[in-house]
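Residue-level listing of the chains:
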Amino acid sequence: MDIRLLSEEELTRYDGLSSPCRTAPATIEKLRSLCDNGDLKGFQDVMDSLVSNPQPEVFDIVDLHDVMVEAIQQDRVEIVSNLLLHGFPIKPSYTQKATACKAKGVLECFLKAGWDINEPVDVLRPPVLWYVGSAPKKVFSLTKDLLS
């Protein structure tokens, strides 16, 4: 029996398979595009309309995973903050992604929103701070920023 650990790329790649979600794909893509373009005003308007107005479609904040990942990769603090404001959960995988992308602003946003920096990524993976301190090129400035 051949057992191997999957790489991070393999763990995050979907190969065209979409995860089941209740939010319309067009809405998710529109928000992702607004994030990609840095259109905070447009992003806020769409989010506010989804949350406050009765929509024919069902909206679930956790369906915006791809939008959160896009915002983290581009260190778009305002977008991340807006998602958190609307109830998007902070998961260790997002904090690890922010660490890998050196998205200091996003990490600070997570901390301000109540993220526990000592929370393990999962049962077998240490807290995010371990990844910062054990990087091939130690990221001392990021470690210092997280601890200050």
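You'll find the structure just up there.
Parameters and conventions
Residues numbered from 1 in each chain as written. Predicted model: local features only at pLDDT ≥ 70, side-chain atom pairs only at ≥ 80, totals over all residues. Heavy atoms only, no water. Phe/Tyr/Trp six-rings, centres within 6.5 Å; stacked < 30°, edge-to-face > 60°. Buried < 20%, exposed > 50% of the residue type's maximum accessible area, 1.4 Å probe, protein only. Helix = DSSP H or I, 4+ residues; strand = E, 2+ residues; numbered from the N terminus. Contact = heavy atoms within 4.5 Å. Salt bridge = Lys/Arg side-chain N within 4 Å of Asp/Glu carboxyl O.

1. A few points about the packing of aromatic side chains
So, point 1. In the structure shown here, the tally under the stated rule is one aromatic pair.
So, point 2. Consider the rings of F88 and Y94, whose centres lie 5.4 Å apart with planes at 55°: the pair is tilted.

2. A word on helix α4 (residues 65-73)
So, point 1. Of the positions making up α4, those classed as buried are V67, M68, V69, E70, A71 and I72.
So, point 2. On the buried face of α4, the contacting elements are α2 (25-37), α3 (40-52), α5 (77-85), α6 (92-100) and α7 (104-112).
So, point 3. A positive backbone phi angle near 55° is found at D75, which sits one or two residues after α4.

3. Observations concerning the pattern of salt bridges
So, point 1. Under the defined criterion, the tally for this structure stands at four salt bridges.
So, point 2. One salt bridge in this structure joins R32 and E70, with 3.5 Å as the shortest N-O distance. Placement of the pair is R32 in helix α2 and E70 in helix α4, with a sequence separation of 38 residues.
So, point 3. Given the relative accessible area of 22%, R32 is considered partly exposed.

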